[in-house]
Structure formats: C-alpha cells, structure tokens
Amino acid sequence: MNILLTGGLGYIGSHLALGLLKKQNVNLTIVDNLSNSKLSVKNKIRFISSKNFKFKKLDLKNKNSLQKLFKKGKFDLVFHLAGSKSVKESQIDPKKYYENNILGAINLLNSMIECNVKDIIFSSTATVYGSKKINCYSENFSREPVNTYGLTKKIIEDLLIDLDRKKKIKSVILRYFNPAGCHASGLLGENPEGTPNNLYPYIIKIIKGDLDFLKVFGNNYKTKDGTGARDYIHIQDLVDAHLNCIQFVKKKSGIFNIGTGKPYTVLDIINSFQKHCNFKINYNFYPRREGDIDIYYNKISKAKKILGWSAKRGLKEISQSTFKFAIKSK
Ligand SMILES: NC(=O)c1ccc[n+]([C@@H]2O[C@H](COP(=O)([O-])OP(=O)(O)OC[C@H]3O[C@@H](n4cnc5c(N)ncnc54)[C@H](O)[C@@H]3O)[C@@H](O)[C@H]2O)c1
C-alpha cells in the first residue's frame, strides 16, 4: 500500500511514521515543509525503524509540486497532519492559519481527486467543540470553535463531509484531545523552539533546565484540586488509533474523538513526575487564562465500539517517556 503522510516530521507525524513503517507492505512517502520541524527527525525515523521511506520537502500551499508528487506517487491512502496548530498564534495571525491550513487542505484534496486517490485520515482537534459548559464530549456535539485554529479545522472537516456526500473522497476525521508523551527510545518528542503553548513542552524545558518553574494558570477551577483538568492521550495510543483507521476508511467515512476518557489536573501531572521519575517540578500559581474551562475529556465509546480502539497507557507512561526524551535532548 502506498501511503502519503503530510507533516510527517512533526511531533505526531514522526511517531505515526514509525507506526506505519512497522506494518508490512507499506511504502511510505513523507512530505513536510519543515516550518515546525527539523530535517534531523528524518534520520531518527530511519535509525529507529531501520526501514526506508521517501521524504520530500514540500509545502502544501504549492499546488504544482503537490500535483507532480501525486502523479508519481500512486497513493492509496493519505494521512493529513500538516498544518499550523497554535491557538494563540491563530488569534494573532489568522491569515496564516486560513492560508496554511485551508489552502493546504484544498490543494491536497484537489490532487487526490485528480489522481483518483479516495481515502484520507485527517488530524482534527477537540478544539472544534469550543468552550462549552460541558465536561464530557461526544462526537455529535455541536462544533462552535472560539479561535481561528479551531475554525480552520472545522472548515476542513466540513469540506471532507461534503466530499464524502458527493462520493468523491472517503475520510476519517480524528478529533484529538491532548496528545502527550514521547517515543520509548527517548529520541522523538515534542520540543518546540521558543515559548511552548502546551503543558508538556513546558515541562520538558524545566527538566532540561531551560526554565526554573512551571506557571500554573488558575487554582480555583471546579476540579478536585482547583487546577484545570484535561484528557491527555499517550502519543503511542494516538498512533494506534490511526493504524486502526486504515481498514475502516476503505469501507466508510467516520468521525471519532481520540482521548482516554480520563481527565487529569495540572497537579496530577506535576505529582506523576515526582512519583514515576523522582523529579520535582517547581511551580507557581498565576491567574486563570481567558477562555480556559474547568475540565474537558472525551466520551470514548464511539472509537471503542467502531474502531475497536481504546487507550492502553496512562500518566505513568506519559511522564516516564517525556522524562527520558527531555534528558536525552539536553
Ligand atoms: N499536538 C497537539 O496537541 C494536537 C492536538 C490536536 C490536533 N493536532 C493536529 O495534529 C496535526 C499534527 O500536530 P503536531 O503536534 O504533530 O504538530 P507539528 O507542528 O509538530 O507537526 C506539523 C508538521 O507539519 C508541517 N507543516 C506545517 N505546514 C505545512 C505545509 N503547508 N506544508 C507541509 N508541511 C507543513 C510542519 O513543519 C510540522 O512538521 C496538526 O494538524 C495539528 O493541528 C495536534
């Protein structure tokens, strides 16, 4: 099977590449424009997997090079992960998000249609649901994103739903909750340049000694210890969910939340590093951030019932793999 993976040198893409390379009969092609990743990740994927794959530095906004790639590639399936993903940046520079995420997706889908490639698995996000006063989210909830990042994902979802209705392309839309954790080798993980936007990349910087303490925003949320609670999904479980979609998308389209169904607070996470890695994270409380909600997590029943997938790992594996990656990348 010839598979195209967009954004394959990024945090999730690199782990998914390893999952795909473990499968038999997969010829993998990765494209990435390196806007949020490093070329060295390509060599790490080769080193860990001991397998060959094709890599092309390509920007999805470049319609012509994408068309050329599709004419040669004879792809059977596309995993579409490439995109910009910072909620904060999307509010500051919305045009970048419309261009990169939406134009990129339109070019990709046009190339698929021209070359008769029928199946796609798309990385969406629980951010599409918006800030509801609900804790537990299921797939049939209304989508009311409250930022441009979430809105671009909703628009791409709508496009995929329309293309499915027109019988042009079948799609699996995966709405991730909070991906976390790193590869067991300690060689791959999420390590953005500059100020991180998410909790775990912050913690990585603390373990590496680049930051002294964690800023915990808010201690009066309606949770057991007052800090916000989220559904953190181990990257390897996330990869397994994608692999389970390969057979499914050959027959049908579908939309699935991908999370564990178990919310953990910021203090749970801090304590898990002490418990499982013997590492103390210093922290200070700061005021709540605008728009943050008390708690949200996934209602897991749909992916379990239809894809036969549920998360097997928890905070222990997330903390230990994150710690290993941080120490190795010091
Ligand atoms: N990490 C999360 O918390 C999270 C949560 C929900 C959804 N997602 C979605 O999952 C996908 C992957 O996320 P990630 O965490 O691996 O992000 P990432 O930034 O680490 O990876 C995305 C990759 O896509 C590449 N890219 C961006 N624009 C491109 C373009 N126009 N052409 C080619 N390559 C391009 C980047 O260089 C990067 O390597 C994204 O679509 C993101 O929106 C991520």
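Residues numbered from 1 in each chain as written. Predicted model: local features only at pLDDT ≥ 70, side-chain atom pairs only at ≥ 80, totals over all residues.

Thoughts on the site of the ligand
Next, step 1: The full set close to the ligand counts 30 residues, and Gly7, Gly10, Ile12, Ser37 and Ser123 are the nearest of them.
Next, step 2: Those elements that provide at least two residues to the shell around the ligand are α1 (11-21), β2 (27-32), α5 (94-114), β5 (119-125) and β8 (178-180).
Next, step 3: Examining the composition of the shell around the ligand, we find that three residues originate from one element, α1, more than from any other.
Next, step 4: For the shell around the ligand, the per-class residue count stands at 10 nonpolar, 16 polar and four charged. (Near = placed C-beta within 6 Å. Helix = DSSP H or I, 4+ residues; strand = E, 2+ residues; numbered from the N terminus. Nonpolar A, V, L, I, M, F, W, Y, C, P; charged D, E, K, R; others polar.)

Here we look at the nonpolar core
Next, step 1: Leu5, Val78, Leu174 and Ile258 are the most contacted members of the largest nonpolar core, which totals 83 residues.
Next, step 2: In terms of residue count, the dominant contributor to this core is α1 (six residues).
Next, step 3: Three or more residues apiece are contributed to this core by two domains, here domain 1 (2-180 + 231-258) and domain 2 (199-230 + 263-296 + 313-328).
Next, step 4: The contacts of Ile258, once residues within four sequence positions are left out, are Leu174, Arg175, Tyr176, Phe177, Ile233, Leu238, Ala241 and Ala303. (Core = buried A, V, L, I, M, F, W, Y, C linked by C-beta atoms within 7 Å. Buried ≥ 20, exposed ≤ 12 C-beta atoms within 10 Å, placed from the backbone. Domains from an automatic or database assignment. Contact = placed C-beta atoms within 7 Å.)

Focus on the packing of α5 against helix α6 (residues 148-165)
Two numbers describe a pair of packed helices, the interaxial angle and the distance between the axes.
Next, step 1: α6 packs onto α5 with a crossing angle of 20° between their chain directions and a minimal axis gap of 9 Å. Between α5 and α6, the interaxial angle falls into the category roughly parallel. Crossing geometry of α5 relative to α6 is assigned as right-handed. Together, Pro94, Tyr97, Tyr98, Asn101, Ile102, Ala105 and Leu109 of α5 and Thr148, Tyr149, Thr152, Ile155, Ile156, Leu159 and Leu163 of α6 make up the contact between the two elements.
Next, step 2: Partitioned by chemical class, the residues of the contact of α5 with α6 number 11 nonpolar, three polar and no charged. (Axes fitted to C-alpha atoms, helices over the stretch in contact; angles between N-to-C directions. Parallel < 35°, antiparallel > 145°, perpendicular 65-115°, else oblique. Left-handed = near helix turned anticlockwise from the far one by under 90°.)

What about the pairing of strand β3 (residues 54-57)?
Next, step 1: Pairing between β2 and β3: four bridges, direction parallel. By the bridge assignment for β3, Asp32 is matched with Lys57.
Next, step 2: Assessed by its sense of winding, the connection that carries the chain from β2 through helix α2 (residues 40-49) to β3 is right-handed. (Pairing = 2+ DSSP bridges. Right-handed = clockwise from strand over helix to strand, strands pointing away.)

Regarding α1
The periodicity of an α-helix, 3.6 residues per turn, causes residues three or four positions apart to be oriented the same way.
Next, step 1: Along α1, nine of the 11 residues are buried, which leaves the element largely enclosed by surrounding structure.
Next, step 2: Along α1, the positions that sit buried rather than exposed are Tyr11, Ile12, Gly13, Ser14, His15, Leu16, Ala17, Leu18 and Leu20.

Observations concerning unusual backbone geometry
Next, step 1: Of note in the backbone geometry, Leu34 takes a positive phi value of approximately 65° without being a glycine.
Next, step 2: Among the residues examined, Leu34 registers 14 C-beta atoms within 10 Å and is labelled partly exposed.
Next, step 3: Non-glycine residue Ser50 carries a positive phi angle of around 55°.
Next, step 4: When you line up the elements, Ser50 lands in the loop between α2 and β3.

As for the environment of Phe122
Next, step 1: When you line up the elements, Phe122 lands in strand β5.
Next, step 2: C-beta crowding within 10 Å serves as the criterion here: with 24 such atoms nearby, Phe122 is assigned to the buried category.
Next, step 3: Ignoring sequence-local partners within four residues, the contact set of Phe122 consists of His80, Ile156, Leu160, Ser171, Ile173 and Leu174.

Description of the domain arrangement of the protein
Next, step 1: Split into domains, the protein comes out as domain 1 (2-180 + 231-258) and domain 2 (199-230 + 263-296 + 313-328).
Next, step 2: When each unit is reduced to the centre of its C-alpha atoms, the spacing between domain 1 and domain 2 is 27 Å.
Next, step 3: Contacts between the two partners involve 11 residues from domain 1 and, on the opposite side, 11 residues from domain 2.
Next, step 4: Mapped by element, the contributors of at least two residues to the side of domain 1 that touches domain 2 are β8, β11 (232-234) and α8 (235-251).
Next, step 5: Among the residues making up the side of domain 1 that touches domain 2, the classes are represented as four nonpolar, five polar and two charged.

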